[in-house]
Structures are given as structure tokens and as C-alpha cells.
Amino acid sequence: MVEQKEITLEPMSKGFHNIDHIISHAFDKLPDIGMINIFIKHTSAALMINENADPDVQIDLKTLLDKMAPEGATYYKHIMEGADDMAAHFKSTVFGQSLTIPVTKKRLNLGTWQSIFFCEFRNYGGRRKVVLTLSY
């Protein structure tokens, strides 16, 4: 059986946001065994699984990404939507637009220190659409 729904994330500030609770509660109930695919329909935001215990991880990730793709670099050609435009596209490419996570015993089967993060790379990204596909 497969269920699918599209949800909208309200605007979030630039950065990494734990969305475990949003994904876990998107369906009435999760199955005993299955898989959930999470897909973000944007090219300037991304999804990742990473550490949820130490906020320094997100700080360091931001530092590394900003060194790799600084906002407002003079060598960017694609700047139609502002100084953060091309940098956001690059960062979303590094992380990707989808995740697949096993479901076990009606829960997302993540590791002890793992969480699902929505990665907003724009200064004013707005609402973001996410497609959730649950297979069981």
C-alpha cells in the first residue's frame, strides 16, 4: 500500500530546522514496517539527516557551506533573485532534495543522534512544499 501527501512548511529562517515531529505526524499513523520518502519541491532548500544532540554541528555546517559558496560572490552569473540566489542553489545541490527513511514499529527508524533537518538556504525562502510518500 502507498499513501502520499503534500505538506507546506511555513517560512523558516535561514538555517537547519529539525522537522522530525512534522514528518512523524503527517500521517494518521505509521505502519509496523515500511518506508517513507521525503521530497522537497525547491532548488534553493534541501533535506538532510544529521546529528540532533550538539547544535555546534549545524554551526559548523553553515561555516563550511558559506566558505564553499559565499553569498554575493562576484563570479556568479545567476543572481536574478538576489545575493543569496546562486549560493542557495549550490548548497541545495550538495545536500539534495529527498530522503528515504525506514519505518519500524510505527516510528521513523533513525539512529540515536539522527534527526531530519529542513535546510533553508535563502534569506527569505517563503513557504516550502514537501511531498511525503509512505510505502508499506
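Residues numbered from 1 in each chain as written. Predicted model: local features only at pLDDT ≥ 70, side-chain atom pairs only at ≥ 80, totals over all residues. Heavy atoms only, no water.

### Some points on the nonpolar core
So the rule is basically this: We call a set of buried Ala, Val, Leu, Ile, Met, Phe, Trp, Tyr and Cys residues a nonpolar core when their side-chain atoms join them within 4.5 Å. Only protein chains enter the accessibility calculation, which uses a 1.4 Å probe; a residue whose area is less than 20% of its type maximum is buried, one above 50% is exposed, and one in between is partly exposed. Only DSSP runs of H or I covering at least 4 residues are called helices, and only runs of E covering at least 2 are called strands; the numbering of each starts at the N terminus. Pairs of residues are marked as contacts when any of their non-hydrogen atoms sit within 4.5 Å.
The biggest cluster of nonpolar side chains holds 21 residues, and the ones touching the most others in it are Ile23, Ile36, Ile38, Leu108, Ile116 and Leu132. Those elements that provide at least two residues to this core are strand E1 (2-9), strand E3 (33-40), strand E4 (45-51), strand E5 (98-104), strand E7 (114-120) and strand E8 (128-135). The residues contacting Ile116, other than those within four sequence positions of it, are His17, Asn18, Ile19, Asp20, Ile23, Ile38, Met48, Leu99, Ile101, Leu108 and Leu110. Membership of the second largest hydrophobic core comes to ten residues, among which are Val57, Leu61, Ala88 and Phe121.

### Quick look at the sheet that holds E7
The condition that has to hold: Strand pairing requires that DSSP identify at least two bridges connecting the strands. In this analysis, axes come from line fits to C-alpha atoms, helices being fitted only over the stretch in contact, and the angle between any two N-to-C directions falls in the range 0 to 180 degrees.
The strand order E2-E7-E4 describes an open sheet built from three strands, whose pairing is antiparallel. Looking at strand neighbours, the two that pair on one side only are strand E2 (15-18) and E4, the edges of this open sheet. In this sheet, neighbouring strand axes are inclined to one another by 35° on average, regardless of whether the strands run parallel or antiparallel. For E4 and E7, the ladder comprises seven bridges, and the chain directions are antiparallel. Paired with Asn50 across the strands is Ser115, a residue of E7. Together, E2, E4 and E7 form the strand contacts of helix H2 (residues 56-68), whose direction differs from that of E4 by roughly 135°. Each of E2, E4 and E7 touches helix H3 (residues 85-95); the most contacted strand, E4, lies at about 45° to it.

### Notes on the pattern of salt bridges
Oppositely charged side chains can pair when the atoms bearing their charge come close. Quick reminder of the rule: Only one rule defines a salt bridge in this text: a Lys or Arg side-chain nitrogen within 4 Å of an Asp or Glu carboxyl oxygen.
Taken as a whole, this structure holds ten salt bridges when the rule is applied. Of the charged contacts, one joins Lys41 and Glu6 as a salt bridge, the two residues approaching to 3.0 Å between their closest N and O atoms. On the criterion of sequence distance, the pair formed by Lys41 in the loop between E3 and E4 and Glu6 in strand E1 is long-range, its members being 35 residues apart. The salt bridge partner of Arg128 is Glu120, with a shortest N-O separation of 2.8 Å. In this pair, the class of Arg128 matches that of Glu120, namely buried. Within this structure, Glu81, Asp84, Asp85 and Arg122 form a network of salt bridges that share partners.

Limitation: the analysis is restricted to geometry and does not speak to function.
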